[in-house]
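Structural overview for review
These are the residues of each chain, in order.
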Amino acid sequence: MNPQAKLISTTSLLLGTSITISSNHWMTAWIGLEINTLAILPLISKTHHPRAIEASTKYFLTQATASTLLLFASMINAWFSGQWDITQLTHPMSCMLSTVAISIKLGLVPFHFWFPEVLQGSTMTTCLLLATIMKFPPITLFYLTSPSLNSTLLTSMAIASAALGGWMGLNQTQTRKVLAFSSIAHLGWMTIILNYDPNLTLITFYLYTMTTSAIFLILNTTNTLKLSTVMTTWTKIPPLTTIFMLTLLSLAGLPPLTGFLPKWLIIQELTKQELTATATAISLLSLLGLFFYLRLAYCATITLPPNFTNYMKQWQTNKPTNPLTTTFTSLSIMLLPLSPMVLTIS
């Protein structure tokens, strides 16, 4: 891809995200989302592979539909209440339409169908952007409108997302699809607490972004796209493979790693709200995700590749590790002792 085109796309991506997260008017938020959509399309289709073109087409159609619904919801609210302020979402129809629109943009169940396919057709770096930065503006809109949204609808979508993300990730052999369904499952955790403690939604998103970024950067460093090639990564960068295992377990939410913190706080808050059944259900559904994280960790660190007579051994690579990888992996593993500070902030 042309460096100038890549620079323009990246700058537009940052601009669109900044406009949406800093706006309090529906029109400016909508403009930021449109800039984001148009900026990411060249990055998805830059390989000119038929699968990449298909992914960019699916992404454009779904995002255009979601943006139209969001604009329609804000216009209905402005028509009945005279308010364009994002926090003044009062009309029931507007609340319903905006929930649907933001859910489509995030990839929440039952509007998740586009997300795994788009990630499968994109490069690892573009997948990182789609799974993290591109979800920040819709999460911000959810955060700003959280007092007006229907808690029953959000809880139902959250439980369905956690269930489907876990079930569908079980039989995947492509690492990008595994991480796509992992993202859907984590969105369920973020959504379920939105009505009760929106700050916890943001904390969960930040920690998820950090951990997922570390995993995508490791997979990009080792050039790993399938589970069968995960088995050969230990010969390339053995220390990185060990860190990869710990980061996966952190994403699964195992103590004493960082990923345990948001799940612990969410379960605690749901219990305080006397939603013990909901907390139990989403905790049990997270065991499905734990299975495929453990399978990835098992393939990366314990399983040996088949060794035939004419097998060419992959020696350790001379490719330097990205400093961002080291930073994100360290934070993804060792942040749990800072949980009192996080609790104070939230």
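The model shown is predicted, which means the values in this text are computed figures rather than measured ones. (Residues numbered from 1 in each chain as written. Predicted model: local features only at pLDDT ≥ 70, side-chain atom pairs only at ≥ 80, totals over all residues. Heavy atoms only, no water.)

What about the overall build of the protein chain?
Summing up its helical and strand segments, the protein chain has 16 helices and zero strands in all. For 346 residues, the compact-globule estimate of 2.2 N^0.38 gives 20 Å, and the C-alpha radius of gyration of the protein chain, at 20 Å, lies within 12% of that figure. Expressed along its principal axes, the backbone C-alpha trace of the protein chain runs to roughly 75 × 50 × 35 Å. Charged side chains in the protein chain number 15 positive and 7 negative. The centres of these two groups are separated by 21 Å. (Helix = DSSP H or I, 4+ residues; strand = E, 2+ residues; numbered from the N terminus. Rg over C-alpha atoms; globule rule 2.2 N^0.38 Å. Lys, Arg positive; Asp, Glu negative; His and termini not counted. Charge placed at Lys NZ, Arg CZ, Asp CG, Glu CD.)

Structural notes on the packing of helix 12 (residues 238-252) against helix 15 (residues 323-334)
Helix 15 packs onto helix 12 with a crossing angle of 45 degrees between their chain directions and a minimal axis gap of 9 Å. In terms of orientation, helix 12 and helix 15 fall into the oblique class. Every pair of crossing elements has a handedness; the one defined by helix 12 and helix 15 is left-handed. Taking contact as the criterion, the partners of Leu-240, Ile-243, Leu-246, Thr-247 and Ser-250 in helix 12 are, on helix 15, Thr-325, Thr-329, Ser-332 and Ile-333. (Axes fitted to C-alpha atoms, helices over the stretch in contact; angles between N-to-C directions. Parallel < 35°, antiparallel > 145°, perpendicular 65-115°, else oblique. Left-handed = near helix turned anticlockwise from the far one by under 90°. Contact = heavy atoms within 4.5 Å.)

Some remarks on the side chain of Thr-155
Mapped onto the elements of the fold, Thr-155 is located in helix 8 (residues 151-169). Looking at Thr-155, the relative accessible area reads 18%, which means it is buried. (Buried < 20%, exposed > 50% of the residue type's maximum accessible area, 1.4 Å probe, protein only.)

Observations regarding the packing of aromatic side chains
Applying the stated criterion across every chain, the model contains seven aromatic pairs. Their ring planes at 5 degrees and their centres at 6.0 Å tell us that Phe-260 and Trp-264 sit as a pair that is stacked. With Phe-260 and Trp-264 both in helix 13 (residues 260-272), this residue pair falls four residues apart, about one helical turn. The exposure class assigned to Trp-264 is partly exposed, which follows from its relative accessible area of 33%. Each ring, one from Phe-292 and one from Tyr-293, has its centre 4.9 Å from the other, and the planes form 55 degrees; the classification is tilted. Each member of the pair, Phe-292 together with Tyr-293, is buried. Linked through ring pairs, Tyr-59, Trp-114 and Phe-115 together constitute an aromatic cluster. When the ring centre of Phe-115 is taken as origin, the NZ or CZ atom of Lys-135, which lies over that ring, is 4.0 Å away. (Phe/Tyr/Trp six-rings, centres within 6.5 Å; stacked < 30°, edge-to-face > 60°. Lys NZ or Arg CZ within 6 Å of the ring centre and 35° of its normal.)

A look at unusual backbone geometry
In the segment running from Val-109 into Pro-110, the intervening peptide bond is cis, with an omega of 5 degrees. Position of Pro-110 among the secondary structure elements: in the loop between helix 4 (92-106) and helix 5 (114-120). Between Pro-255 and the following residue, Pro-256, the backbone shows a cis peptide bond with an omega angle of 5 degrees. Topologically, Pro-256 is positioned in the loop between helix 12 and helix 13.

Comments concerning the packing of helix 13 against helix 14 (residues 276-301)
The contact between helix 13 and helix 14 brings their axes to 8 Å, and the two run at 155 degrees. Overall, the two elements helix 13 and helix 14 adopt an arrangement that is roughly antiparallel. You can see that helix 13 and helix 14 cross each other, and the crossing is left-handed. Of the residues in helix 14, those in contact with Lys-263, Ile-267, Leu-270 and Thr-271 of helix 13 are Thr-276, Ala-279, Ser-283 and Ser-286. Classifying every residue of the contact of helix 13 with helix 14 by side-chain character gives three nonpolar, four polar and one charged. (Nonpolar A, V, L, I, M, F, W, Y, C, P; charged D, E, K, R; others polar.)

Some words on the nonpolar core
Of all hydrophobic cores here, the largest spans 68 residues; its most connected members are Ile-40, Tyr-59, Leu-130, Leu-141, Phe-142 and Phe-216. Apart from the residues within four sequence positions on either side, Phe-142 is in contact with Thr-99, Ile-102, Ser-103, Leu-106, Leu-108, Leu-149, Leu-154 and Leu-194. Ranked by size, the runner-up nonpolar core spans 20 residues in total, among them Ala-158, Ile-193, Leu-207 and Leu-285. (Core = buried A, V, L, I, M, F, W, Y, C linked by side-chain atoms within 4.5 Å.)

Concerning the pattern of salt bridges
Under the counting rule described, the total for this entry stands at two salt bridges. The salt bridge involving Glu-54 is made with Lys-58; its shortest N-O contact spans 2.8 Å. Of this pair, Glu-54 and Lys-58 are both found in helix 3 (residues 50-81), four residues apart, which corresponds to roughly one turn of the helix. A salt bridge links Glu-117 to Lys-177, with the nearest nitrogen and oxygen atoms 3.3 Å apart. With Glu-117 in helix 5 and Lys-177 in helix 9 (residues 175-192), this residue pair connects regions lying 60 residues apart in the sequence. Given the relative accessible area of 28%, Glu-117 is considered partly exposed. (Salt bridge = Lys/Arg side-chain N within 4 Å of Asp/Glu carboxyl O.)

A word on the layout of surface pockets
In this structure, the largest pocket encloses a volume near 260 Å³. Leu-128, Leu-129, Thr-132, Ile-133 and Ser-213 are the residues nearest the centre of the largest pocket, which is lined by 16 residues in total. Elements with a minimum of two residues in the lining of the largest pocket: helix 6 (124-131) and helix 10 (198-222). If you tally residues by element for the lining of the largest pocket, the top one is helix 10, at seven residues. Partitioning the lining of the largest pocket into residue classes produces 10 nonpolar, six polar and no charged. (1 Å grid on protein atoms, 1.4 Å probe; cavity = no way out; pocket = protein on both sides within 12 Å on 5 of 7 lines; lining within 4 Å. Points joined across faces, edges and corners; volume = space filled by probe spheres on them.)

Focus on the environment of Ser-283
Mapped onto the elements, Ser-283 comes out in helix 14. Judged by its relative accessible area of 22%, Ser-283 falls in the partly exposed class. Along the chain, Ser-283 and Asn-223 lie 60 residues apart, while their C-alpha atoms are 33 Å from each other. Ignoring sequence-local partners within four residues, the contact set of Ser-283 consists of Trp-189 and Ile-267. Within the structure, the side chain of Ser-283 is placed 2.6 Å from the backbone oxygen of Ala-279, a separation counted as a polar contact. (Polar contact = N/O pair within 3.5 Å; in protein donor to acceptor, adjacent residues only side chain to side chain.)

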